[in-house]
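# Examination of the molecular architecture
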Amino acid sequence: MVAMLTDEYRYKILKLLSENPHISQRELSRELGISLGKVNYCIHALIEKGIVKASNFKNSQNKQAYAYLLTPKGIEDKAKVTARFLNRKLAEYETLQTEIEVLRREVLIVDASNAG
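A quick note: this is a predicted structure, and the numbers were derived from the prediction, not measured.

With that settled, the discussion passes to helix α2 (residues 25-32). What α2 keeps buried is the set Q25, L28, S29 and L32. Axial view of α2: buried residues confined to an arc of 105 degrees, hence all on one face. Summarising the geometry of α2, the exposed residues directed more than 90 degrees from the buried face are R26, R30 and E31. Of the residues one or two after α2, G33 is the one with positive phi, at around 70 degrees.

This is the structure:
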């Protein structure tokens, strides 16, 4: 279960929580495309690490709900995880560009051999 809190999920969860601290775990689950149980696990892991703080409040339907606030450590962690996530995505992008160029050359070679 520890691998569940990858940089990608960590980045997305911290981004969503910083944009909307009152978001429910069910809404997070829908936004992330993962199960409610996985969201719950990830939120608890972030709380245990001191990255997120959960505060109770009454929502409009008069039910108990939580506001998920990034702690100062959480804000710092979000910056670091964002940089790591960006670097990984840039590396994936560069790899994909190289693969596309190789495929384009292969198509040109095939087209040239079929034309001749």
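This part covers the side chain of T71. Along the chain, T71 falls in the loop between β2 (64-70) and α4 (72-115). With a relative accessible area of 17%, T71 lands in the buried category. When neighbours within four sequence positions are excluded, T71 is seen to be in contact with G50, I51, V52 and K53.

What follows covers the packing of helix α1 (residues 7-19) against α2. Following both chains from N to C, one finds α1 and α2 inclined at 130 degrees, their axes separated by 11 Å at the closest point. As judged from the angle between their axes, α1 and α2 are oblique. Crossing hand, α1 versus α2: right-handed. Between α1 and α2, the contacting residues are Y9, K12, I13, L16 and L17 on the first element and L28, E31 and L32 on the second. Of the residues assigned to the contact of α1 with α2, the class counts are 6 nonpolar, no polar and 2 charged.

Glancing now at the nonpolar core. Core analysis: the largest hydrophobic core is formed by 21 residues, its most contacted members being I13, L14, L17, L28, I43, L46 and V52. Of all the secondary structure elements, the ones that give two or more residues to this core are α1, α2, α3 (36-48), β2 and α4. Among residues more than four places away in sequence, those in contact with V52 are L14, L17, L46, I47, Y68, L69 and T71.

Turning to the pattern of salt bridges, a few remarks are in order. A full pass over the atoms with the stated rule returns 9 salt bridges. Put simply, R88 and E8 hold a salt bridge, and the shortest N to O gap is 3.6 Å. Taken as a pair, R88 in helix α4 and E8 in helix α1 lie far apart in primary sequence, 80 residues in all. The network of salt bridges with common partners includes E8, K12, R88, K89 and E92.

Following the sequence through the fold, L17 ends up in helix α1. Judged by relative accessible area, L17 falls into the buried class, the value being 1%. Through-space distance from the C-alpha of L17 to that of L28 is 8.7 Å; in sequence the pair is 11 residues apart. Setting aside residues up to four positions removed in sequence, L17 forms contacts with I23, L28, I43, V52, Y68 and L70.

Analysis parameters
Residues numbered from 1 in each chain as written. Predicted model: local features only at pLDDT ≥ 70, side-chain atom pairs only at ≥ 80, totals over all residues. Heavy atoms only, no water. Buried < 20%, exposed > 50% of the residue type's maximum accessible area, 1.4 Å probe, protein only. Helix = DSSP H or I, 4+ residues; strand = E, 2+ residues; numbered from the N terminus. Arc of directions from axis to C-beta. Contact = heavy atoms within 4.5 Å. Axes fitted to C-alpha atoms, helices over the stretch in contact; angles between N-to-C directions. Parallel < 35°, antiparallel > 145°, perpendicular 65-115°, else oblique. Left-handed = near helix turned anticlockwise from the far one by under 90°. Nonpolar A, V, L, I, M, F, W, Y, C, P; charged D, E, K, R; others polar. Core = buried A, V, L, I, M, F, W, Y, C linked by side-chain atoms within 4.5 Å. Salt bridge = Lys/Arg side-chain N within 4 Å of Asp/Glu carboxyl O.

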